[in-house]
Amino acid sequence: MSDWIDQVEPLTLKGQIKIPCNWSVGEVGSRFLVSLRDDQKIIGNRCGQCKTVYVPPRMNCGKCFKRINDWVDLSPEGIVEAFTVVRFAYPLQPAEPPYAFALIKLDGAHVGFLHIIKEDLDRLKKGVRVRARFAEKRTGHIKDIEEFTIV
Ligand SMILES: [Zn+2]
């Protein structure tokens with residue numbers, strides 16, 4: 001006796017499913033984004049054990065896994081540690097090319113903060129000083145910082 005599945009040609013259909021969704025950024029992410037939105041202020045947090053300052057803030061330290069409870073105000077300025085310039089358009093980009101993704105070490109932080117730089121790309125280099133420029137209309141999103149500009 002054979003199973004009916006052995007007698008059926010397996011077919012596949014191509015398609016796409018669009019699934020709009022919202023997800024919580026959690027208590028730490030919410031505090032960070034509310035600070036951007038309401039105060040135009042970049043905040044991070046400091047591990048009580050190893051003193052590493054994170055931005056964006058984290059629930060737990062990535063080095064010693066301790067819960068982080070100390071909040072710190074960070075400077076809107078920092079140094080570009082690395083960058084890549086995007087010159088080609090593709091879907092869902094944060095800006096019209098050309099622009100740069102830059103890893104920025106904000107003053108007072110120990111980790112890089114990933115954001116974009118849209119202007120003066122010819123002056124962009126490792127070690128250049130940049131400053132956050134906030135959007136006029138802020139919604140509680142990472143793009144409440146519109147970009148970083150070279151100081
Ligand atoms: Zn730590």
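Just above sits the structure.
Model, not experiment: these values are computed from the prediction.

**Notes on the sheet that holds strand β2 (residues 53–54)**
What the 3 strands build is an open sheet, ordered β2-β1-β3; its pairing is antiparallel. Every other strand in the sheet has two partners, leaving β2 and β3 (70–74) as the edge strands with one partner each. Across 2 bridges, strand β1 (residues 42–46) lies against β2 in antiparallel orientation. Its bridge partner lying in β2, R46 is registered against V53.

**Topic: unusual backbone geometry**
In this structure, the amide linkage connecting V55 to the following residue, P56, adopts the cis form with an omega of -5°. Turning to its location among the elements, P56 is positioned in the loop between β2 and β3. Residue P98 is bonded to the preceding P97 through a cis peptide linkage, with omega at 0°. Counting through the fold element by element, P98 comes out in the loop between β4 (77–86) and β5 (99–106). Look at Q40: it is not a glycine, yet its phi comes out positive at around 50°.

**Quick word on the sheet that holds strand β7 (residues 129–134)**
The strand order across the open sheet built from 5 strands is β6-β5-β4-β7-β8, with neighbouring strands paired in antiparallel fashion. Of all the strands in the sheet, the pair left with one neighbour each is β6 (113–117) and β8 (145–150). Direction aside, the axes of adjacent strands within the sheet are offset by 45° on average.

Cut-offs and rules
- Residues numbered from 1 in each chain as written.
- Predicted model: local features only at pLDDT ≥ 70, side-chain atom pairs only at ≥ 80, totals over all residues.
- Pairing = 2+ DSSP bridges.
- Helix = DSSP H or I, 4+ residues; strand = E, 2+ residues; numbered from the N terminus.
- Axes fitted to C-alpha atoms, helices over the stretch in contact; angles between N-to-C directions.

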